[in-house]
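# A closer look at the structure
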Amino acid sequence: QAQAVESGGGLVQAGGSLRLSCAVSGSAFSQIPMAWYRQARGKQRELVAAVSTSAATTRYANSVKGRFTISRDNAKNTVYLQMNSLKPEDTGVYYCNTDMATTRYDMYAWGKGTQVTVSS
């Protein structure tokens, strides 16, 4: 069964940067569009960024557009999220999973995610 393991979160000051990584197991990774999601305390989970199988197409939430960049390395079965100009409202747990809006592949079970905390 495929799994996704997130890493790279931490505590940063407003205006700082973080780079998140998501290592995915399973043989079909290169055929699956992927995404990053986040969930702030007390709020619903939301899509942050998505990337197509070849990385030719990306999609971002309006709140992070121009600040975050999603990428993938199919040879390494890894998805990345470069986060710049971080704001306190970016605080939350970040998860990777399939891009559920564009694929009929079953989603992965939600992992533990990686915590991002942005101080003001």
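What this report covers is the structure whose coordinates are included nearby.

## As for the side chain of T114
- Its place among the elements puts T114 in strand β10 (residues 114–119).
- Among the residues examined, T114 registers a relative accessible area of 9% and is labelled buried.
- A polar contact is formed between the side chain of T114 and the backbone nitrogen of G9, at a distance of 3.0 Å.
- When residues no more than four places from it in sequence are discounted, the contact partners of T114 are E6, S7, G8, G9, L20, G92, V93 and Y94.

## Some details on unusual backbone geometry
- Positive phi values are uncommon outside glycine, yet N77 reaches one of about 50°.
- Of note, N77 is situated in the loop between β7 (68–73) and β8 (78–83).
- Unusually for a residue other than glycine, S85 sits at a positive phi of about 50°.
- By the element assignment, S85 lies in the loop between β8 and β9 (92–98).
- Given the relative accessible area of 41%, S85 is considered partly exposed.

## What about the sheet that holds strand β5 (residues 46–51)?
- The six strands lie next to each other as β2-β10-β9-β4-β5-β6, forming an open sheet whose pairing is mixed. Across the chains shown, the open sheet's two edge strands, defined by having one partner strand only, are β2 (10–13) and β6 (58–60). On average, each strand axis in the sheet is tilted by 25° relative to the strand beside it, whichever way the strands run.
- In the sheet, β9 pairs with β10 via three bridges, with the strands oriented antiparallel. Its bridge partner lying in β10, G92 is registered against V116.

## Describing the nonpolar core
- Counting residues in hydrophobic clusters, the biggest one holds 26 residues, and the most contacted among them are M34, W36, V48, F68, L81, M83 and Y94.
- Of all elements in the fold, only β3 (18–24), β4 (34–39), β5, β7, β8, β9 and β10 reach the threshold of two or more residues within this core.
- Of the residues forming this core, the biggest block, four residues, is contributed by β3.
- In contact with M83, not counting residues within four places along its chain, are G16, S17, L18, L20, R67, F68, Y94 and V116.

## Comments concerning the environment of M107
- By secondary structure assignment, the location of M107 is in the loop between β9 and β10.
- Counting along the chain gives 33 residues from M107 to N74, while the straight-line C-alpha distance between them is 18 Å.

## Topic: the side chain of T98
- Along the chain, the position of T98 falls in strand β9.
- Sequence-distant contacts of T98, that is, excluding residues within four places in its chain, are made with I32, P33, M34, A35, Y37, T103, D106, M107 and Y108.

## Notes on the pattern of salt bridges
- Enumeration according to the criterion identifies four salt bridges in this entry.
- Between R38 and E46 there is a salt bridge whose closest N-O contact spans 2.8 Å.
- Judged by its relative accessible area of 5%, R38 is buried.
- R67 serves as the salt-bridge partner of D90, at 2.8 Å between the closest nitrogen and oxygen.

Cut-offs used in this document
- Residues numbered from 1 in each chain as written.
- Predicted model: local features only at pLDDT ≥ 70, side-chain atom pairs only at ≥ 80, totals over all residues.
- Heavy atoms only, no water.
- Helix = DSSP H or I, 4+ residues; strand = E, 2+ residues; numbered from the N terminus.
- Buried < 20%, exposed > 50% of the residue type's maximum accessible area, 1.4 Å probe, protein only.
- Polar contact = N/O pair within 3.5 Å; in protein donor to acceptor, adjacent residues only side chain to side chain.
- Contact = heavy atoms within 4.5 Å.
- Pairing = 2+ DSSP bridges.
- Axes fitted to C-alpha atoms, helices over the stretch in contact; angles between N-to-C directions.
- Core = buried A, V, L, I, M, F, W, Y, C linked by side-chain atoms within 4.5 Å.
- Salt bridge = Lys/Arg side-chain N within 4 Å of Asp/Glu carboxyl O.

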